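# Summary of the model geometry
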Amino acid sequence: MTQRIDKALITDENAKLLSDLNEDYQALGNKLARNDINIEEITEKAQAFQIAVPSWGTGTGGTRFARFPGEGEPRNIFEKLEDSAVINDLSQCTERVSPHFPWDKVDDFTELKQFSDDLNLSWDSINSNTFQDQPGQEHSFKYGSLSNTSAASRELAIAHNLDCIEWGKALGSKTLTVWVGDGSNHPGQQHFQSAFERYLESMKTIYAGLPSDWELHIEHKMFEPAFYSTIIQDWGSNILAAMELGPQAKSLVDLGHHAPNVNIEMIVSRLIQFKKLGGFHFNDSKYGDDDLDSGSLHPYQQFLIFNELVDAQYRNQEGFNPNYMLDQSHNVTDPIESLMNSAASVQRSFVSALLVDREKLSEYQQNNDALMASNTLKNAFNTDVSPILAMARLRKGGAIDPIATYRKANYRSAVAAKRPSSGGNGSGIV
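The name given to the chain in an unreviewed UniProt entry is L-rhamnose catabolism isomerase, and the organism recorded there is Pseudoalteromonas prydzensis.

Helix and strand counts for the chain stand at 15 helices and twelve strands. On C-alpha atoms alone, the chain measures out to a radius of gyration of 22 Å, which is about the 22 Å that the 2.2 N^0.38 rule sets for 430 residues. By principal-axis analysis of the C-alpha atoms, the chain measures approximately 65 × 60 × 40 Å. Going through the 430 residues of the chain one by one, you find that 55% of them count as buried.

The next subject is the sheet that holds strand S3 (residues 100–101). One open sheet accounts for seven strands, arranged S3-S5-S6-S8-S10-S11-S12; its pairing is parallel. Each of the sheet's edge strands pairs with one partner strand only, and the pair in question is S3 and strand S12 (323–326). Pairing of strand S5 (residues 126–128) with strand S6 (residues 175–178) involves two bridges; the strand directions are parallel. Across the sheet, the residue bridging to Ile126 is Leu176, located in S6. The strands touched by helix H6 (residues 192–208) are S6, strand S8 (215–219) and strand S10 (249–254); relative to S8, the strand with the most contacts, the crossing angle is about 155 degrees. Contacting S10 and strand S11 (277–282), helix H8 (residues 264–273) crosses the sheet at an angle of about 155 degrees to S11.

The next thing to look at is the side chain of Asp89. Residue position: Asp89 is located in helix H3 (residues 77–91). Take Asp89: its relative accessible area is 5%, and that puts it in the buried class. Leaving out residues up to four positions away in the same chain, Asp89 has contacts with Arg4, Ile5, Lys7, Ile10, Gly397, Gly398 and Ala399.

Turning our eyes to something else, we now look at the pattern of salt bridges. Scanning the entire structure with this criterion turns up 24 salt bridges. With a shortest N-O distance of 3.0 Å, Arg419 and Asp83 are connected by a salt bridge. Residue Arg419 is found in the segment after helix H15 (411–416), and its partner Asp83 is found in helix H3; the two are separated by 336 residues along the sequence. One network of salt bridges, with partners in common, ties together Arg75, Glu79, Glu82, Asp83, Asp334, Arg412 and Arg419.

Turning to the sheet that holds strand S1 (residues 53–54), a few remarks are in order. Two pairing modes exist for strands in a sheet, parallel and antiparallel, and in both the strands are linked by backbone hydrogen bonds. Pairing is parallel across the open sheet formed by three strands, whose spatial order is S1-S2-S4. Each having just a single partner strand, S1 and strand S4 (122–123) make up the two edges of the open sheet. Summarising the sheet, S1 and strand S2 (residues 96–98) pair through two bridges and their orientation is parallel. Among the inter-strand pairings, Pro54 is bridged to a residue of S2, identified as Ser98.

To continue, consider helix H14 (residues 402–409). Taken together, the buried positions of H14 are Pro402, Thr405 and Tyr406. Along the long axis of H14, the arc covered by the buried residues comes to 100 degrees, so they all point the same way. Lining the buried residues of H14 we find helix H1 (7–33), H3, helix H10 (335–354), helix H13 (386–395) and H15. At the C-terminal side of H14, Asn410 shows a positive phi close to 55 degrees.

Once that is clear, we can look at the pairing of S10. Within S10, six of the six residues are buried, leaving the element largely enclosed by the surrounding structure. Note: S8 against S10, four bridges, orientation parallel. Counterpart to Glu219 in the pairing with S10 is Leu252. Note that the unit made of S10, H8 and S11 has a crossover that is right-handed.

This part is about the environment of Thr130. The topology assignment puts Thr130 in the loop between S5 and helix H5 (151–171). Between the C-alpha atom of Thr130 and that of Ser153, which follows or precedes it by 23 residues, the distance is 9.8 Å. Those residues in contact with Thr130 that lie beyond four places of it in its chain are Phe141, Ser145, Ala157, His160, Asn161 and Val180. Side chain to side chain, Thr130 and Ser145 meet in a polar contact 3.0 Å long.

By the burial criterion, the buried members of H8 are Ile264, Glu265, Ile267, Val268, Leu271 and Ile272. End-on, the buried residues of H8 take up no more than an arc of 155 degrees, which puts them together on one face. Against helix H7 (235–245), S10, S11 and helix H9 (299–314) lie the buried residues of H8. Lys275, located one to two residues past H8, shows a positive phi value of around 60 degrees.

Cut-offs applied
Residues numbered from 1 in each chain as written. Predicted model: local features only at pLDDT ≥ 70, side-chain atom pairs only at ≥ 80, totals over all residues. Heavy atoms only, no water. Helix = DSSP H or I, 4+ residues; strand = E, 2+ residues; numbered from the N terminus. Rg over C-alpha atoms; globule rule 2.2 N^0.38 Å. Buried < 20%, exposed > 50% of the residue type's maximum accessible area, 1.4 Å probe, protein only. Pairing = 2+ DSSP bridges. Contact = heavy atoms within 4.5 Å. Axes fitted to C-alpha atoms, helices over the stretch in contact; angles between N-to-C directions. Salt bridge = Lys/Arg side-chain N within 4 Å of Asp/Glu carboxyl O. Arc of directions from axis to C-beta. Right-handed = clockwise from strand over helix to strand, strands pointing away. Polar contact = N/O pair within 3.5 Å; in protein donor to acceptor, adjacent residues only side chain to side chain.

Rendered as structure tokens:
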């Protein structure tokens, strides 16, 4: 039997906050109405918003130095799904889970699909793993996978990705996300062009194995574990590879995978313009690929990204249908709490971007009125949309205050008794 949050508890906790929420919601509605914005229309869009939870994110993260296991952390994909269901019970915007193979591989995918169905969860993008060797692996990925100089290693990496497609089909997914750690750590170690050619040749074989209604999302990363050069190091190499492969190949943007101070929102706009934006891994960073909670450091940047995304919706941009997913490492917090917090943060950026007066913004842009164009964005960003987020959760059966309700439920303590620590990490991450 799965351990879930008691619906009666959610109802009781909501009842304590309902009067204040109604008052705040009415006040915000009156304020928005002065700008001809209907709060009910915005709330309906907030209710429809969804962002996927990464299966590996439900476990405690770590660094290259240490990992400190959390109480009752999941040990396998079934327990990860239980935690994911709790996140959605309370937040009501995380109905999809993104698995990572072979970490989440099972013997019976029909059983796994039935288990997720019973929890009212569906499957998002399938993530392959060729950035580490698995026990008993015959050919190593130490010097790369899809770009390895060894044909045997490349063939093994290709076969794994093709397996991921088959497993994804069994679960009902329609997207394969490929990130590789291939690259070099010393000048002269690799011939840049030859390595990229090997990568493209391998990816073409994987692409040929895609069902007609699937997409292949290519994820770029500036550095790590390769610190001198990376095969797909930025959005330029990413879109070049996607264009070389074909229309089902698109670029995936991880917010932590860029050089400091890069204009990510402009990259998003370029990818939208050329119909190559596949999706996002949302997180935040201070120094590099820190995988911090989404919006914890740069909420305005996150809002500016959603300004471009909502603009594409507003203009009915052709080919625009990106996947949204969280991708974080929770080293000192309860992963369930951080994922709920981050889901709300990303949803907040989406809702705030809906408040931008696009007609006025366009007029200011045409007239080169830099100050008023900037202020138009800031007016939307500075509007507290918390009542909309809370009302959206309430109307879908979630919690007005997800974290407080979660703590009241004592879920972590209850589930810890059923999940004795094995000393390892069920998430798969180090």
